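Given next are the chains, with one letter for each unit.
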Amino acid sequence: MDNLVLLGVLLILTVVVGSFMGIFAFAEVKSLRGEVRRLRAAIESASGASSQTVSPAVAPAAPSVAAPPVVIEPVESPASIDVPVPSQSAQTIRREQQDLPDLHQVAGDFTGNSASRTVLPLRESFWERVQQNWMVWLGGACVALSGIFLARYGIEQGLLGPRVRVALGLITALALYIASEVLRRRTGGSHPAFAALAGGGAITAFAAILSAVHLYHLFEPGLAFGMLAVVALVTMWLARLHGPVLAAIGMLGAYSVPILVSSGGGNVVGAMGYALIITASVLLLLRHVYRSWLWLGLLAGALLWWLISLLGQQADGWRGPYLAALAYLLLSVVPGDWLLQRSAGGSEGDNSPTFGRITPLLLPSLLLLVAAQCLSIFREGWPSASLASALWAWSPLALVLLLAARRRVPLAPLPWLLLLGQLAAWMAGRLDRWQGLPVQLRPLPPEQQGVFLVFLAMTAALFSAFALFNYRKGVARFWWASLAVMAPLLSLPVGYLLARDGLPLYWWCLYAAVFGAVFLYLGSRGAGRDWHKSMVVWLFIGGHFAYSLAACLWLEQASLTLALALQAVSLAWIIRRFEVPPLGWLLKGVLLLVVVRLTLNPWLLSYGDDSHWSLWTYGGSALCAWLATRILRVPHPALASWAEAAALHLLVLTLWAESRYWLYDGHAFAARYSFTEAVINMWLFTGLGLVYYRKSLLADSFSRWYDGYGRLLILAAAANYAGILFNTAFSEPWAWHSVSERPLLNMLLPAFAGPALLAWLVSRWYLPGARRPAGLLSALAAFIWISLEVRHLWQGSIRLDTATTTGELYTYSAVWLVLAVVAILFGSWRGWRSCYRAGMAVLALVIVKLFLVDMSGLEGLLRVASFMGMGLALLGIAYLHQKLGRVSAARSP
């Protein structure tokens, strides 16, 4: 048995040693082959040049112009070879360059100096790399698996104790590390095979340490944590020599260490600090070795621990500093800009050759961190601790971004996005829906409102102060001027909504009015003293917004939307007065926000029913959009089109809201839908759909929007009519109960005669493809209306589930017969085949009804009289039809 064990161990050692020797031999053969190619190329170059030597007797009289010589860098070696390289023609040079594609690579291998190589390889595809390196990768995986299988064999056979197994694993890992480094130095350069050896050592070390913790309990989790971190860091630093594949192995292992050795203590904050250390290490590596997936990998690993922290409450108050530290590392480590003073596009203090390639990834990465902070605020809510803890939690990232963006124009929008995101997160965290009521915004508890207001004021002061400081630098002044002015003004309504009880109402209005007065005074002063246009424009915008806010705070929540709509008028005036069309995006954003806010109003905040707020909120917003259209119509027609589209949409919403307000006794958003409302919406949507269609024919830039919205309105009107018909056909009380017993002058006119008129209008002034179906629908709607009028005259109701008398049946036949005769005769006279065919269809219906229903119970003289009357009527119709047909034919040319 002992002999077998010894034989097995010797066999395994033979495989390992043989692998090493094979790799050594591979590297040595590669070096020798490179040296042979180098010497052969030099000899062929010299022999080719000597064969082209021309004797003086044959040489032409004019001296030939030689092409630039091919220069091979001198190499130093124990046995230096001096090979002259004479001038050659361009054709010879191109031929030799094709024959010697790896000249610099061979020279580097021959000299043993990797620094002398100047190879610029072309970008290879993934499959090309697989074809070239699959054997190397497979060999590295086999080496790593051999270490794991060795440990497994020892465990299964019980040959070695746990301590010896772990020690052998670590020794094997160290041997693989050393072997990769020795091979690199012997050959004078790196190779994927050497990186695979180092990667196998890293995996073996990870496996040995983890088995010592989880299987044998030899190490404490803290010690194992440190050892795994050291292995990961060593692996990543060796990647400077062996390439990015080894860096990926080290990075993956490093970010996974806290999970692999977790003791169940839940120290998430410690793991987040460790993740920052690993991130700094990877960024230091990126200063020398660039791969985009290294950047994406470190970002994913760092944000992974932020996501894990959201699962519990231990990291509350630390997520903000963690994200700020991560942002600082992303901004500073690779370029070496430790004070965040680097300007956009500048190279001062930049010692990293990879920073220019990482710059496109920087802005999206910071946007992710901004979104992460906003989600953290939404997750944590307002802390119950002191003001200092709130400032510590949510101010560091703002400081980092404000400092970093002062000289970098691409980063200037980030502080704006952070401010808006934080304010939105504070409000979203207080939204609540309970007991079937609409979503409501719950203010903070009274004991927290004072501290929250102080925090908002300090945060607004932070953004405004740094924005003014950055404004003086002269870079991205429009961004900094807007942030300096709007930060306190945007914080004011958020404070009012979440902590309104912290101050009396008149103080809120007074603060807004003071801001407005100060900003308008400064704007007027700046306009007279030639201040930069950006500051003057934003001071006027801020002053108008503050006054609008002060006026609307006297009212209720709905007035905040009106205050926002008033900014459309203010912005339109400023754009026209100061000639700043770039502010058009802000005008569009304001109008879009107002439209979305009022469109989704029934599903958002609820308001009181003690005031007619729907008129001045919806109607006032529509009026503001119309005024903005009038202001911008001449100088800026494109912006005027935006405002006009918003005004039309808000007009639709105003008419809809007002109809519901009067229908439901002031409850504009009551969860009801009556028969009367369906009729009103049918008229309203059809009329506005036609208006939008006519507008699409006149507008240029918004023709598709007008046409699309008009189609939606027409479809909504058709859906309302279909609902009315469906409920009437099934005798639902929702339909027949709304029609009074008064004959003729009742809801039958707008509900059933109205669709006939509306469909006729559509057939005349809507899309050409919809006109014929609309005409048919108009005739059908008229037929239904007349039939329901007959039903209502006999029954006093339009219920269809009651018995029908004989007189009512004969009335239907008589009325339908008159309709058929009129349609046939009118169609024959005017030459309208559709009208003629419709009349014939009604006539056929009347005949079938007479035979199957009306005359089925008649006998004797009544039957004779009925058939006689029917026959005479048909003969008269035929006579008039032929006569009118001849008259129509005679009139036609």
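Our structure's up above, just so we're on the same page.
Just so we're clear, the structure is a prediction, and the values are computed from it rather than from any experiment.

On a plain count of helices and strands, the protein chain comes out with 31 helices and two strands. Per-residue burial for the protein chain yields a buried fraction of 43% across its 893 residues. Looking at the protein chain alone, contacts between residues at least 24 apart form 71% of all its contacts between residues at least 6 apart. Carbon together with sulfur atoms contributes 68% to the accessible area of the protein chain, which is approximately 46,200 Å² in total.

Counted according to the given criterion, the structure contains 23 aromatic pairs. Taken together, a centroid distance of 5.2 Å and an interplanar angle of 40° make the contact between F783 and W816 tilted. Of the two residues, F783 sits in helix α28 (residues 768–795) while W816 sits in helix α29 (residues 806–830), which places them 33 residues apart along the sequence. Clustering of aromatic rings is evident, with ring pairs tying together W382, W426, F452 and F455. Cation over ring: R500 sits above Y496, and NZ or CZ is 5.2 Å from the ring centre. The aromatic ring of F578 is capped on one face by R577, whose charged end is 4.7 Å from the ring centroid.

Running from amino to carboxyl end, helix α9 (residues 268–286) crosses helix α11 (residues 319–332) at an angle of 5°, the nearest separation of the two axes being 10 Å. Overall, the two elements α9 and α11 adopt an arrangement that is roughly parallel. The segment α9 lies against α11, with M272, A275, L276, T279, A280 and L283 engaging R319, Y322, A325, L326, L329 and L330. Looking at the contact of α9 with α11 residue by residue, the classes come out as 10 nonpolar, one polar and one charged.

Time to look at a nonpolar patch on the surface. A cluster of nonpolar side chains, namely Y506, W507, L510, Y511, V514 and V518, defines an oily patch on the protein surface of about 540 Å² accessible area. Checked against the element boundaries, Y506 lands in helix α18 (residues 505–528).

This part is about the nonpolar core. Within the largest apolar cluster, 150 residues are counted, with the highest numbers of intra-cluster contacts made by L283, Y322, L330, L366, W480 and L583. Here this core gets 15 residues from one element, more than from any other, and that element is helix α17 (residues 477–499). If we skip the residues at most four places from it in the chain, L283 touches W295, L298, L329, L330, V333 and V334. Counting 17 residues, the second largest nonpolar core, distinct from the first, contains V679, V739, F752 and A756.

Attention shifts here to empty space enclosed by the protein. Enumeration over the complete set of coordinates arrives at one cavity of 30 Å³ or more. Quantified by volume, the largest cavity comes out at close to 30 Å³. The wall of the largest cavity is formed by A565, L591, V594, S621, A625 and L650. Taken together, the elements giving at least two residues each to the lining of the largest cavity come down to α21 (584–599) and α22 (613–632). In terms of residue class, the lining of the largest cavity is made up of five nonpolar, one polar and no charged.

Parameters and conventions
- Residues numbered from 1 in each chain as written.
- Predicted model: local features only at pLDDT ≥ 70, side-chain atom pairs only at ≥ 80, totals over all residues.
- Heavy atoms only, no water.
- Helix = DSSP H or I, 4+ residues; strand = E, 2+ residues; numbered from the N terminus.
- Buried < 20%, exposed > 50% of the residue type's maximum accessible area, 1.4 Å probe, protein only.
- Contact = heavy atoms within 4.5 Å.
- Areas by Shrake-Rupley, 256 points an atom, 1.4 Å probe, with all protein chains shown as cover.
- Phe/Tyr/Trp six-rings, centres within 6.5 Å; stacked < 30°, edge-to-face > 60°.
- Lys NZ or Arg CZ within 6 Å of the ring centre and 35° of its normal.
- Axes fitted to C-alpha atoms, helices over the stretch in contact; angles between N-to-C directions.
- Parallel < 35°, antiparallel > 145°, perpendicular 65-115°, else oblique.
- Nonpolar A, V, L, I, M, F, W, Y, C, P; charged D, E, K, R; others polar.
- Patch = residues over 30% accessible without salt bridge, like charges linked within 9 Å, V, L, I, M, F, W, Y side chains within 5 Å.
- Salt bridge = Lys/Arg side-chain N within 4 Å of Asp/Glu carboxyl O.
- Core = buried A, V, L, I, M, F, W, Y, C linked by side-chain atoms within 4.5 Å.
- 1 Å grid on protein atoms, 1.4 Å probe; cavity = no way out; pocket = protein on both sides within 12 Å on 5 of 7 lines; lining within 4 Å.
- Points joined across faces, edges and corners; volume = space filled by probe spheres on them.

These figures capture arrangement, not role.
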